[in-house]
Amino acid sequence: MRIAVCDDCMEDAMLLKRLLGGHEVRVYADAGSVLADIEDGKKQYDLYLIDIYLKESISGLELAGRIRGAHSEAVICFISSSSEFYREAYDLYAVQYLLKPVKEADVKQLLERVSANMNRNRKQKLFFQSRGQTKAVSYGNILYISSREHTLSICCLDGAVHEYKGKLNELASQICGETFQRCHQSFLVNMYHVDNLKGNELMVSGNRIPVSRRYYKEVKRRYHEILFEEVD
């Protein structure tokens, strides 16, 4: 696993690097160095561990937002001496929030969770027929699936939209469960890409997806279940 650690306290950063032994780890002392590497495409990491209290103009939260803009699938974990920014961290869909001094058991749990998610996203694929050809999209790349006039549209993280003829009810019976959830008559959503649940809408990478009354209770349950998966 390729991991970036951004912490301006070298003592804390080196402790993390030691706890992450066995993985490819790059330590950054400031946000600017991270952005210089990722925004021009030089580097991309499987996991970013970011100190919220960076002693410069760009905070850890701002850095995470910039990383998310450059790499929408980025897996981000915040490290901090305080739980003050816990809510803001999860608004950025952080996979975990570690309090200093970081414990070895917490790091091990984080790595196990990230590894499991990576394996799930790589292995599971949605297969469909389009123009006489069989195509496939990995679950991890799918934001949501919409239906209109018997046409299903698979909207992806990389900006692609794949369309094919089909019925949403049939697809829902095949793939809904751990990853996908029915939230509306016309929508299935990848719950691992949900940024927030506000009223009767899900925020998914800047997209507003409606949640109907019929599905609200189950969507809310799964949304909170995933949050607890990430903080337990």
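Examining the overall build of the chain
So, step 1. A tally of helices and strands in the chain yields 7 helices and 15 strands.
So, step 2. A compact globule built from 232 residues should have a C-alpha radius of gyration of about 17 Å, and the chain, at 19 Å, falls within 12% of that.
So, step 3. Along the first, second and third principal axes, the C-alpha set of the chain runs to 60 × 35 × 30 Å.
So, step 4. Taking all 232 residues of the chain together, 47% fall into the buried category.
So, step 5. Put simply, 47% of the contacts in the chain that link residues at least 6 apart link residues at least 24 apart.
So, step 6. Carbon and sulfur atoms form 47% of the exposed surface of the chain, whose accessible area is close to 12,200 Å².
So, step 7. Seen as two clouds, the 32 positive and the 32 negative side-chain charges of the chain have centres 8 Å apart.

Some thoughts on the sheet that holds strand E14 (residues 201-204)
So, step 1. Read across the open sheet, the 3 strands follow the order E13-E14-E15; overall the sheet is antiparallel. The open sheet has two edge strands, strand E13 (194-198) and strand E15 (207-210), and neither has a second partner. Adjacent strand axes in the sheet meet at a mean angle of 25° when their direction is disregarded.
So, step 2. Bridge count for E14 against E15 is 4 bridges, and the pairing is antiparallel. For leucine 202, the partnering residue across the bridge sits in E15 and is isoleucine 209.

Things to note about the packing of helix H2 (residues 31-38) against helix H3 (residues 60-70)
So, step 1. Running from N to C, H2 and H3 cross one another at 5°; their axes reach a closest spacing of 11 Å. Relative to H3, the element H2 lies roughly parallel. For the pair H2 and H3, the contacting residues are Ala31, Val34, Leu35 and Ile38 in the first and Leu63, Arg66, Ile67 and Ala70 in the second.
So, step 2. For the contact of H2 with H3, a count of residues per class yields 7 nonpolar, no polar and 1 charged.

Some thoughts on the side chain of aspartate 37
So, step 1. As for its position among the elements, aspartate 37 is in helix H2.
So, step 2. Owing to a relative accessible area of 11%, aspartate 37 belongs among the buried residues under this scheme.
So, step 3. Side-chain polar atoms of aspartate 37 contact the side chain of tyrosine 28, separated by 2.7 Å.
So, step 4. Ignoring any residue separated from it by four or fewer positions in sequence, one finds aspartate 37 in contact with Arg26, Tyr28, Lys42 and Lys43.

Here's the deal with the nonpolar core
So, step 1. Of all hydrophobic cores here, the largest spans 22 residues; its most connected members are Val34, Tyr48, Ile50, Leu63, Ile67, Ile76 and Phe78.
So, step 2. Residue assignment for this core shows that the elements contributing at least two residues are strand E1 (2-6), H2, strand E3 (47-51), H3 and strand E4 (76-80).
So, step 3. One finds Leu143, Cys155, Tyr192 and Val204 within the second-largest nonpolar core, a separate group that totals 20 residues.

Looking at the pattern of salt bridges
So, step 1. All chains considered together, the criterion is met by 9 salt bridges.
So, step 2. Because the salt bridges share partners, they merge into one network encompassing Asp7, Asp12, Asp51 and Lys100.

Some thoughts on helix H1 (residues 10-19)
Quick reminder: α-helices carry 3.6 residues per turn. Residues three or four places apart thus point the same way.
So, step 1. Taken as a whole, H1 has its buried residues at Ala13, Leu16 and Leu19. Looking straight down H1, one finds its buried side chains confined to an arc of 125°; they lie on one side. The exposed residues of H1 that point more than 90 degrees off its buried face are Glu11 and Arg18.

The rules we used
The numbering scheme is per chain: residues are counted from 1 as the chain's sequence reads. Thresholds applied to this predicted model are a pLDDT of at least 70 for local features of residues and 80 or more for the giving and counting of side-chain atom pairs; totals over whole chains, interfaces and linings are not thresholded and use all residues. Calculation of side-chain values draws on the structure's entire complement of heavy atoms; hydrogens and water are dropped beforehand. The way it works is that DSSP assigns letters per residue, a run of H or I at least four long becomes a helix, a run of E at least two long becomes a strand, and they are numbered from the N terminus. For a compact globule the rule gives 2.2 Å times the number of residues to the power 0.38, and the radius of gyration it is set against comes from C-alpha atoms. For the exposure calls, accessible area comes from a 1.4 Å probe over protein chains only, and a residue counts as buried if that area is under 20% of its type's maximum, exposed if over 50%, partly exposed in between. Should any heavy atoms of two residues lie within 4.5 Å, those residues are considered in contact. Accessible surface area values rest on a Shrake-Rupley calculation with a 1.4 Å probe, where residue burial reflects the displayed protein chains alone. For the purpose of charge, His is not counted, nor are the chain termini; Lys and Arg are scored as positive and Asp and Glu as negative. Where a charge lies is defined by one atom per residue type: Lys uses NZ, Arg uses CZ, Asp uses CG and Glu uses CD. One requirement defines pairing of two strands: DSSP has to find at least two bridges between them. Structural elements are reduced to axes, namely lines fitted to C-alpha atoms, with helices fitted over the stretch in contact, and the angle between N-to-C directions of any two is expressed from 0 to 180 degrees. We call two directions roughly parallel when the angle between them is under 35 degrees, roughly antiparallel when it is over 145, roughly perpendicular when it lies between 65 and 115, and oblique otherwise. All residues other than Ala, Val, Leu, Ile, Met, Phe, Trp, Tyr, Cys, Pro, Asp, Glu, Lys and Arg, Gly among them, are scored as polar; the first ten of these are nonpolar and the last four charged. Counted as a polar contact is a pair of N or O atoms within 3.5 Å, where, for protein atoms, one must be capable of donating a hydrogen and the other of accepting one, and residues adjacent in sequence contribute only when both atoms are in side chains. The set of buried Ala, Val, Leu, Ile, Met, Phe, Trp, Tyr and Cys residues whose side-chain atoms join them within 4.5 Å is what this entry labels a nonpolar core. Salt bridge, as applied in this entry: a Lys or Arg side-chain nitrogen positioned within 4 Å of an Asp or Glu carboxyl oxygen. The arc in question is the one spanned by the directions pointing from the helix axis to the C-beta atoms.

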